[in-house]
Amino acid sequence: TTAQIGIYGLGTMGSALALNLAEQGIDVAVTNREPERIAQFMEDSGDLSAHLRPHETLADFVAGLQVPRVVLFMIPSGQPMDEMIEWIVPLLDRGDTIIDAGNADFHDTRRRAAALAEQELHFVGMGMSGGEQGARHGPSMMVGGSDHSWRQLSPILRRIAARFNDQPCVAHLGRDGAGHFVKTVHNGIEYADMQMISEVYGLMRNGLGRPPHEIGDVFDGWNDGPLASYLIEITARILHSIDPETGHPMLDVIKDSAGQKGTGRWTVIEALRLGQSASTIEAAVGARSWSSEKDTRQIAEETLGGARLGLDLSVQSLADALMAARILAHAQGFRVLTAASREHDWQLDLARIAEIWRAGCIIRSALLDDVAAAFHAGPRAGELILAPAVAERLALCVPALREVVSAAVHSGHAVPALSAALAWYDTMRQGYGTANVIQAQRDVFGRHGFERLGQGGEFHGPWWD
Ligand code: 6PG
């Protein structure tokens, strides 16, 4: 029998996805660049192998697929994807769909989609979130591509997706790069949330002097309330873990230098290109970069003195501060989506995006249900922070964010993402800000001109007389 879908790439994610499909009774053709891996994968797949069709060559793999074909690539993004396209295209026919399910730069996705469209082939950029467990048991999937591809894919993807209120967390979000772009912003929000959680951990650990397991208990408690989220849940688990080698808390043996593969940075770059600034995400990307300069930081601590004073903050204030900052980071992420949607004419459905992020993905949280509701109702000016329920929540939580950021700043604890969230909030709620000074300065040194309040046109000041 021919397979409904083919998966190329049996690494961690590709294998998990193939098994998920097989478990749903979908026949899957599988292959891999290094053929040795294929036999191993089949051996490990147990009863599910009944739905798996292994192939050693690309030609056999393609020949084993139902027409029009669906071929999903789960391989490293960038150059390898371009190479694979070049190899497989001669074997495909009009109406076939190639899916890139990795974290690709959406500019590449747009370029590939345009190139393949010339040969009447369809290219889908699909963001897939949830890590290995998600891929295996139900990921959240953000699809960008043609209506034709979506008709081919949706019956398959709806079966393997994570579910929230029995609705599958997968959607066709727009043309070409839309899916990969939305996934990129998902990761940007992921970076911000991870950084904010680590900042709050730092305040409890170094400012309140709490040991990891106690902080783990606090996070467990938070996970039963409005802050409930996958990232809080796994952080609690991390905080309770002990290193089997040394008997120390796991966190205390892990080097404080964070890696990053690029999606967070792409979000920031795109935000700036679109005339936005997702400052919480930017702070998170920057903090990861600074974290990797460990040697420099160690020298600086000797030279500049790394003293951090004790803090007097309640756990409730920290919880409320994190809630406020999490809302603000989401608001910034959705603004980037709005700007990109306008730029590329994707007509992104923000409510739908929030809905498919409610389960399966890394940023899934109780908050996203409220975000979805807010976008369904259509907030004023399209701004999440102006949705009545969100504004009310911010009014309750922002005082705590203010208290936490002030205390941290006063006592020398770095809180780049929390403070960026607050600075953005305070900027946005001032109808009359301070950019008049900037405009005047620009006019003085460059005769750039300015608008007068309430008057269009260009004016100059009396500076040069
Ligand atoms: C997800 C994750 C996943 C992955 C990224 C992030 O949504 O499942 O975002 O895509 O963990 O690779 O990686 P970095 O932190 O290395 O940038």
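The rules behind these values
Residues numbered from 1 in each chain as written. Predicted model: local features only at pLDDT ≥ 70, side-chain atom pairs only at ≥ 80, totals over all residues. UniProt positions renumbered as here; feature names shortened; annotations may be inferred. Helix = DSSP H or I, 4+ residues; strand = E, 2+ residues; numbered from the N terminus. Axes fitted to C-alpha atoms, helices over the stretch in contact; angles between N-to-C directions. Parallel < 35°, antiparallel > 145°, perpendicular 65-115°, else oblique. Left-handed = near helix turned anticlockwise from the far one by under 90°. Contact = placed C-beta atoms within 7 Å. Nonpolar A, V, L, I, M, F, W, Y, C, P; charged D, E, K, R; others polar. Core = buried A, V, L, I, M, F, W, Y, C linked by C-beta atoms within 7 Å. Buried ≥ 20, exposed ≤ 12 C-beta atoms within 10 Å, placed from the backbone. Domains from an automatic or database assignment. Pairing = 2+ DSSP bridges. Right-handed = clockwise from strand over helix to strand, strands pointing away.

Enquirer: So what about the UniProt feature "domain: 6-phosphogluconate dehydrogenase C-terminal" (unreviewed entry) in the protein? Which residues, and what values?
Expert: Mapped onto this structure's residue numbering, the UniProt feature "domain: 6-phosphogluconate dehydrogenase C-terminal" (unreviewed entry) falls at residues 179-464. Strand forms 3% of residues 179-464 and helix 64%; the C-alpha atoms that close the span are 52 Å apart.

Enquirer: Account for the packing of helix α17 (residues 388-411) against helix α18 (residues 416-428), with residues named and values stated.
Expert: Relative to each other, α17 and α18 sit at 130 degrees, their axes nearing to 10 Å. When the interaxial angle is binned, α17 and α18 end up oblique. Taken as a pair, α17 and α18 cross one another with a handedness that is left-handed. Contacts from V398, L401, R402, V404, V405 and V409 in α17 reach L418, S419, A421, L422 and Y425 in α18. Within the contact of α17 with α18, the residues separate by chemical class into 9 nonpolar, 1 polar and 1 charged.

Enquirer: Describe the nonpolar core, listing the residues and the values that go with them.
Expert: One finds V28, A324, A325, L401, A417, L418 and A421 to be the most contacted residues of the largest nonpolar core, which totals 136 residues. It is helix α14 (residues 315-344) that provides the largest number of residues to this core, a total of 15 residues. Residue contributions to this core reach at least three from each of two domains, namely domain 1 (5-176) and domain 2 (184-428).

Enquirer: Requested: an account of the domain arrangement of the protein, with residues and values cited.
Expert: If you check the domain split of the protein, you get domain 1 (5-176), domain 2 (184-428) and domain 3 (436-465). Summarising the inter-unit geometry, the C-alpha centres of domain 1 and domain 2 are found 31 Å apart. Facing the 22 residues of domain 1 at the interface are 17 residues of domain 2. Secondary structure elements with two or more residues in the side of domain 1 that touches domain 2: β6 (122-129), α6 (131-137), β7 (140-144), β8 (163-164) and β10 (170-174). Among the elements that line the side of domain 1 that touches domain 2, the one with the most residues is β10, at 4 residues. Class assignment for the residues of the side of domain 1 that touches domain 2 results in 10 nonpolar, 9 polar and 3 charged.

Enquirer: Describe the pairing of strand β5 (residues 97-100), and please don't skip the residues or the numbers.
Expert: Moving residue by residue along a regular strand, the side chains alternate between the two faces of the sheet. Across the two faces of β5 the burial is the same, with T97 and I99 and I98 and D100 all buried. Two strands pair when backbone bridges link them, and strand β4 (residues 70-73) and β5 are joined in this way by 4 bridges, in the parallel orientation. Looking at β5, one finds that V71 is bridged to I98. Read as a crossover between parallel neighbours, the route from β4 over helix α4 (residues 79-88) to β5 is right-handed. As defined by bridge partners, β5 adjoins β6 across 4 bridges and the pair is classed as parallel. The residue of β6 that forms the bridge with T97 is H122. Regarding the hand of the β-α-β motif, the stretch spanning β5, helix α5 (residues 106-117) and β6 is right-handed.

Enquirer: Requested: an account of the packing of helix α11 (residues 263-273) against helix α12 (residues 279-291), with residues and values cited.
Expert: The N-to-C vectors of α11 and α12 enclose an angle of 140 degrees; their axes lie 9 Å apart at closest approach. One way to sum up the angle between α11 and α12 is to call them oblique. Every pair of crossing elements has a handedness; the one defined by α11 and α12 is left-handed. Contacts from G264, R265, T267 and V268 of α11 reach α12 at I281, E282, A284 and V285. Looking at the contact of α11 with α12 residue by residue, the class counts come to 4 nonpolar, 2 polar and 2 charged.

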